[in-house]
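Summary of the model geometry
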Amino acid sequence: MKPEWSQWAKEAKEQFPQANSSLLPLLHRIQQAEGWLSDETIQDVASLLGLTTQYVESVASFYSLFYRDKVGKTVIHVCVGLSCALAGSDHVMEKLEHKLGIHEGQTTPDGQYTLLEAECLAACNLAPVVQRNLRFHGPVDPAELDADAFLAGDGNEVNR
Amino acid sequence: MSQKYYLLRNREIPDIDHISVYLANGGYDALRKAVNEFQPEELVDLVKKSGLRGRGGAGFPTGMKWGFLPNDGRKRYLVVNSDEAEPGTYKDREIIEHNPHQLVEGIIISSYATKAREAYIYCRGEFLFGSEQLKRAVREAYEHGFLGENILGSGFSLDLWVYRGAGAYICGEESALLESLEGKRGNPRLKPPFPAIAGLYGGPTVVNNVETITNVPAIVTYGAEWYTSMGTAKSPGLKIFSVSGRVKRPDNYEIPLATPLRTLIEEYAGGMLPGRQIKAVIPGGSSVPLLNPDKLDTPLDYESVLQAGSMLGSGGCIVLDDHVCIVGATARLVKFYREESCGKCTPCREGTYWMTDVLERMEHGLGTPDDIETLLDVADNIGGKCFCPLGDASLGVLVSAMKYFRDEFEAHVFEHACPMGEKLYDTVNY
């Protein structure tokens, strides 16, 4: 357990004192710092909030954005919803898989990238849309996509 | 085309997401008017008169929903559903990212009307920028005295929190959203009791969609008559339609209800991509049945779309063209429900798996003649037999697709392959 976590738990409980509402904000904050939620982290969160480990695990495992396995520094979500599929998201995924040498759901051996499918990111006007660490990028032209530049973090982040 | 915007005001006024710009353009005047000129009950009446209906998908009259709160002295809550995740829908995201103050103002007015002392915005976890924008807007509203104690000297006090979800479509279902907000798994609750009676922390709760609440300041400013001057008697007012798929200009369009589907697709969205013919339209998000091109003249209001055989839903309009394999498209949508089923009830958890398996098998040419009946049988065992609406939602497109395009399903089976070449996207050449 990191020393600052008990302070974070206290703040979460102050902000959301009722029921277990402090749990999601605390998990978000710790994951933001640690990158993922290990078994030990789950135990620590449980003891910080006075919950059982099983309960915290049952909640954390329900939500797709809580990573229970170690992820890369950059997590890439490729939206594969219908609107994005109609605009070529499968080709985008394929290109990134080839470039990274991994399949969807995997992390590169050097721990830099994790490639994940996302179910509709509610950005169909940007289809096909990709999120890099939850920041939107799109439309990503499947034919023109320069995977190297994209992975290096070049431009085209959109906030619209 | 130039138009006056009432919801997507960010289209006309750059930087309206900052409170100084919002204030310079009449921002929070509606709140001032609401607390100075209206008693809470009068505001509920105003919204009832406007005929505003829930924009999240169900279309339930908002004023009536507010009226269901029991007068038993318990603490009330307002919860705003910003868990937008219905495939094809992206209207709430534009509001929270680019016009968040109108949402915040709407929340304050709605809380005053419903006498809620606490309000929450449940924002889906994937909207990182959106939640940052909301948090900033809320902070700015506190700094200007629009939130907190004794707002604008009215004696009314309100606290508002932005709560981030963590990736679960089911949390857009109101009772699952409340579970999630209480720090639990997002499993839906048994209804009744409805949230108006026992909602967040067991208290009386109103759950409204982002777009619904964003309408409220405009209705206070311009009046119920202005709102009912648009649309139809039963479906009055403005709606944002999110158009995606094989059109030239996929985007959000704020238009009066009862605008024909053809106008939305051909005039606003610029028509189909060059050389393509329209094959089918999913008019209200992925949960609603397909419409055939012969229904293009349907006015987009709740009643007309229902009569045409579909639902207006969230207004997420996905347009399919003649190059799209209907089996492939259906497989993709049903897979979405498989991924997003919370697993609480068997028909949905198992049924969506089974249907996805069969559809993907068909799409890859491995279907058998029995599979068509299997799909209909599984669908029949999901329809109306699930704990919450997600199971039924997985059937809308599938069942209508098998009705209108049965020959395509059969061709997949008898030709042992996808006649369209297993492609949802076919212009890549590399």
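Going by the structure above, here's the rest.
Let me begin by describing the structure that accompanies this report. (Residues numbered from 1 in each chain as written. Chains lettered and ligands numbered in written order. Predicted model: local features only at pLDDT ≥ 70, side-chain atom pairs only at ≥ 80, totals over all residues. Heavy atoms only, no water.)

**Re the overall build of chain B**
- Along its length, chain B carries 18 helices and 8 strands.
- In terms of C-alpha radius of gyration, chain B reaches 22 Å, essentially the compact-globule figure of 22 Å for 430 residues.
- For chain B, the spread of C-alpha atoms along the principal axes amounts to about 75 × 45 × 40 Å.
- Counting across all 430 residues of chain B, residues that qualify as buried make up 64%.
- In chain B, of all internal contacts separated by at least 6 residues, the share reaching a separation of at least 24 is 71%.
- Working note: accessible area of chain B is about 15400 Å², and carbon and sulfur atoms make up 51% of it.
- If the 45 positive side-chain charges of chain B are averaged to one point and the 57 negative ones to another, these points end up 3 Å apart. (Helix = DSSP H or I, 4+ residues; strand = E, 2+ residues; numbered from the N terminus. Rg over C-alpha atoms; globule rule 2.2 N^0.38 Å. Buried < 20%, exposed > 50% of the residue type's maximum accessible area, 1.4 Å probe, protein only. Contact = heavy atoms within 4.5 Å. Areas by Shrake-Rupley, 256 points an atom, 1.4 Å probe, with all protein chains shown as cover. Lys, Arg positive; Asp, Glu negative; His and termini not counted. Charge placed at Lys NZ, Arg CZ, Asp CG, Glu CD.)

**Observations concerning the sheet that holds strand E7 (residues 278-282) of chain B**
All names here are of chain B.
- In space, the 4 strands of this open sheet follow the order E6-E5-E8-E7, with mixed pairing throughout. Only two strands of the sheet have a single neighbouring strand rather than two, namely strand E6 (252-256) and E7. Put simply, the sheet's adjacent strands are angled 30 degrees from each other on average, direction ignored.
- Relative to strand E8 (residues 316-321), strand E5 (residues 238-245) is paired through 4 bridges, and the arrangement is parallel. The partner of Gly 245 across the bridge, within E8, is Val 319. (Pairing = 2+ DSSP bridges. Axes fitted to C-alpha atoms, helices over the stretch in contact; angles between N-to-C directions.)

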